[in-house]
Amino acid sequence: MFTIRRAQLCDLSEIKELAAITVPQAFEGILTTEQIDYLEDLYYSQQALSAAFNTEQIFFIAHEGDTPVGYASVLQEGPDLFHMPKIYVLREKQHQGIGTALIDNITAHVKKVHPGPCTLELFVSNFNTSRGFYDKQGFAKVRERRVEFENGFNFIQDVLQRPL
């Protein structure tokens, strides 16, 4: 049985530890080890996670007993637009409803702060194996975007959206 709650600053170390496992799993075969390491440093260093918590990014963390098994985050990007930059579940815990429950928590949070019609979006590589999961959650591709990093590496992502 798992539980999901809004993450607090004290949960940063658990999110960082989960990211060290889930990010390489999510991008295996899509990005090189060097690129994955770069993304982990950019988005999951203690400094980057602290900065994310100090913005309006809201994190949720899933636990099975006392063990963290997944996390997700959301932030408002426009008057009627919310972005979900992070959603990861340990590979061995996938297909157990944790990802769906994380999205349900994100959706409930969004509807609480924005009761009117709005859109939830996320970015995903078109080679990512989680694509079918997002389709089942009601997300649809609306466009592509090119991501370019200062170290010269770049890739294409699909922008998926779901009306709320």
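Rules used throughout
- Residues numbered from 1 in each chain as written.
- Predicted model: local features only at pLDDT ≥ 70, side-chain atom pairs only at ≥ 80, totals over all residues.
- Heavy atoms only, no water.
- UniProt positions renumbered as here; feature names shortened; annotations may be inferred.
- Helix = DSSP H or I, 4+ residues; strand = E, 2+ residues; numbered from the N terminus.
- Pairing = 2+ DSSP bridges.
- Axes fitted to C-alpha atoms, helices over the stretch in contact; angles between N-to-C directions.
- Parallel < 35°, antiparallel > 145°, perpendicular 65-115°, else oblique.
- Contact = heavy atoms within 4.5 Å.
- Nonpolar A, V, L, I, M, F, W, Y, C, P; charged D, E, K, R; others polar.
- Expected span 1.5 Å × (residues − 1).
- Bend = angle between axes of the 7 residues up to and from the residue.
- Buried < 20%, exposed > 50% of the residue type's maximum accessible area, 1.4 Å probe, protein only.
- Salt bridge = Lys/Arg side-chain N within 4 Å of Asp/Glu carboxyl O.

Attention now moves to the UniProt feature "domain: N-acetyltransferase" (unreviewed entry) in the protein chain. If you check UniProt for "domain: N-acetyltransferase" (unreviewed entry), the listed places come out as residues 2-164 in our numbering. Regarding residues 2-164, the helix share stands at 36% and the strand share at 36%, and the terminal C-alpha atoms are separated by 25 Å.

Relative to strand β7 (residues 154-163), strand β6 (residues 140-148) runs antiparallel, the two being bridged by eight bridges. Paired with Glu148 across the bridge in β7 is Asn154. Here β6 folds back onto β7, and the loop between the two strands holds five residues, one of which, Gly152, carries a positive phi near 95°.

This part covers the packing of helix α2 (residues 33-44) against helix α3 (residues 46-54). Contact geometry for α2 and α3: axes closest at 5 Å, N-to-C directions at 45°. With respect to their mutual orientation, α2 and α3 come out oblique. Facing α2, whose interface residues are Leu42, Tyr43 and Tyr44, α3 presents Gln46, Ala48 and Leu49. Taken together, the residues that form the contact of α2 with α3 break down as five nonpolar, one polar and no charged.

Let us look at the sheet that holds strand β2 (residues 58-64). Spatial ordering of the open sheet is given by β1-β2-β3-β4-β5-β7-β6, a layout of seven strands whose pairing is mixed. The sheet is open, and its two edges are formed by β1 (2-6) and β6, each paired on a single side. Going across the sheet, the axis of each strand differs from the next one's by a mean of 25°, ignoring polarity. Pairing of strand β5 (residues 119-124) with β7 involves six bridges; the strand directions are antiparallel. Counted as the bridge partner of Thr119 is Pro163 from β7. Sitting on the sheet, helix α1 (residues 12-27) touches β2, β3 (67-78) and β4 (81-89), and the angle it makes with β3 is about 85°.

Attention shifts here to α1. Between its first and last C-alpha, α1 extends 22 Å over 16 residues, near the 22 Å set by a 1.5 Å rise per residue. Maximal helix bending in α1 amounts to about 35°, located at Ala19. When α1 is considered as a whole, its buried residues turn out to be Leu12, Ile15, Leu18, Ala19, Thr22, Val23, Ala26 and Phe27. Tucked into the core, α1 has its buried residues touching α2, α3, β2, β3 and β4. Positive backbone phi, approximately 80°, marks Gly29, located one or two places after α1.

Before going further, it helps to examine the pattern of salt bridges. In the structure shown here, the tally under the stated rule is eight salt bridges. In this structure, Asp135 engages Arg131 in a salt bridge whose closest nitrogen and oxygen atoms are separated by 3.8 Å. Placement of both Asp135 and Arg131 in helix α5 (residues 131-136) is noted, with a separation of four residues, approximately one turn of the helix. The exposure class of Asp135 is partly exposed, given its relative accessible area of 42%. By relative accessible area, Arg131 is classed as buried at 18%.

For the rest of this paragraph, the subject is the environment of Tyr88. For Tyr88, the position within the fold is in strand β4. By relative accessible area, Tyr88 is classed as buried at 14%. Between the alpha carbons of Tyr88 and Ile103 there is a distance of 11 Å; along the sequence they are 15 residues apart. Those residues in contact with Tyr88 that lie beyond four places of it in its chain are Thr22, Val23, Ala26, Phe27, Tyr44, Val69, Gly70, Tyr71 and Leu102.

The residue Gly97 is located in the loop between β4 and α4 (98-113) in this model. Residues Gly97 and Tyr43, spaced 54 residues apart in sequence, show a C-alpha to C-alpha distance of 25 Å.

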